[in-house]
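# Architecture and fold: a report
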Amino acid sequence: LITGATGLIGTALTSQLLDQGHTVHFLTTRKEKIITTPNHKGFYWNPTNHDIDLHAFKDVSCVVNLVGATIAKRWTTAYKEMIISSRVQTTNLLYKSLKKLDHKVTSFISASGISIYPNSKNTVYTELSKDVAANFLGQVVVAWEASADQFFDLGIGVAKIRTGVVFDSSQGAFPKMIQPIKMGVPSVVGDGSQWISWIHTDDIVAIYNHAIDHNLTGIYNAVAPVAIKNTEFTKLVAGFYKIPMWAPNIPGFILKLFLGAMSMLALQGQLVSVLKLESTGFAFKYPTLDKALSNLLKNK
């Protein structure tokens, strides 16, 4: 059963699982999106109203929880509440629903974020790191993971996939990040020394598939093994388009002026280890950005 099945990761994961012969159920808030085929079925839910079709859990062994409002919108007070509730309220509804049922679920795999780790230029964070970012995104991830941990109480294995910036050729952050460079303005953000812990779409989808197949439990960092600094990212993309690095840096205060607290997405970063994930046998298709760019930009 997948929540957030129509999102970037959910769509690709669903397609992959169906190709492998799995039966996939998904939850949707839009009744017109419901389909019913032998191996792909949709079910209605409305987390705001605590409404869910419990038939969604029939014969399900694994729940993959990908739902959550994007963080790439201006953080008004109301939208901050939506970012948290779209993660916590939905997970709570899944938990309360399973608690009522005689179910077959043995695994709960939840999306999470590396933004739980504090901004740092030098610290390498592992899944054992106890430091938590003293900002809004830190609060979001703590609440998100706590809601996922409830499933332990039901005897269900819980895996939390702490994801970095997902790089996709057509959706998400990547097209926005490269747009100024494509237009001939290769500007470094802030002082350019902040880390970008990124991951190619194919790899994050493969990680979820790997977590399902191997019944992973616990916390796993999900980023490419080789992070890159903002300056180097800009140089690599500019080099691909053969654009000289002439533009001045974009000062942090300018971003803060236009984006407010959300500017931390561009001005801060974390360096995280994926040795735990690799120790389970996972191999990255795109471990370095130069290899990823050759794929992401091939038709750009």
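Just above, that's the structure.
Residues numbered from 1 in each chain as written. Predicted model: local features only at pLDDT ≥ 70, side-chain atom pairs only at ≥ 80, totals over all residues. Heavy atoms only, no water.

## Focus: the nonpolar core
Convention followed: Within this scheme, the nonpolar core is defined by two criteria: the residues are buried Ala, Val, Leu, Ile, Met, Phe, Trp, Tyr or Cys, and they are joined through side-chain atoms within 4.5 Å. Between buried and exposed lies partly exposed: a residue is buried under 20% and exposed over 50% of the maximum accessible area for its type, with that area taken using a 1.4 Å probe on protein chains only. Runs of E in the DSSP output that reach at least two residues are strands. Runs of H or I that reach at least four are helices, and both are numbered from the N terminus. By definition in these notes, contact holds between two residues if any of their heavy atoms fall within 4.5 Å.
Of all hydrophobic cores here, the largest spans 37 residues; its most connected members are I2, V64, I109, I161, I204, I207 and Y208. Residue contributions to this core peak at 6 residues, all from helix α5 (residues 201–213). When neighbours within four sequence positions are excluded, I2 is seen to be in contact with L13, T14, L17, V24, H25, F26, L27, V64 and L66.

## Here we look at helix α6 (residues 230–240)
As a reminder, the rule being used: Comment: arc refers to directions from the helix axis out to C-beta atoms.
Inspection of α6 places N230, F233, T234, V237 and A238 among the buried residues, and these make up the whole buried set. What you see down the axis of α6 is that its buried residues fit within an arc of 125°, all on one side. In this structure, the buried residues of α6 make contact with β10 (165–167), α4 (173–182), β11 (195–196), β14 (228–229) and α10 (289–296). K242 sits one or two positions beyond α6 and adopts a positive phi of about 55°.

## A word on the environment of N46
Within the element layout of this structure, N46 appears in strand β4 (residues 40–46). A sequence separation of 225 residues divides N46 from L271, and the C-alpha atoms of the two residues are 37 Å apart.

## Section: the side chain of Q270
Note the threshold: Distance and chemistry together define a polar contact, namely a pair of N or O atoms within 3.5 Å, with one atom able to donate a hydrogen and the other to accept it when in protein, and with adjacent residues in sequence counting only for side-chain atoms on both sides.
Among the secondary structure elements, Q270 is positioned in the loop between α8 (264–267) and β15 (271–272). Side-chain polar atoms of Q270 contact the backbone oxygen of Y117, separated by 3.1 Å. Beyond its immediate stretch of four places on either side in the chain, Q270 contacts I114, S115, Y117, P118, S120, Y125, W195 and S197.

## Notes on the environment of N295
On the secondary structure map, N295 appears in helix α10. Judged by its relative accessible area of 19%, N295 is buried. Distance in space between the C-alpha atoms of N295 and D168 is 9.7 Å, their sequence separation being 127 residues. Ignoring any residue separated from it by four or fewer positions in sequence, one finds N295 in contact with H200 and Y286. A polar contact of 3.3 Å, which involves the side chain of N295, links it to the side chain of Y286.

## As for unusual backbone geometry
Unusually for a residue other than glycine, H50 sits at a positive phi of about 60°. Tracing the backbone through its elements, the reader meets H50 in the loop between β4 and β5 (51–52). Given a relative accessible area of 54%, H50 falls into the exposed group. Of note in the backbone geometry, K242 takes a positive phi value of approximately 55° without being a glycine.

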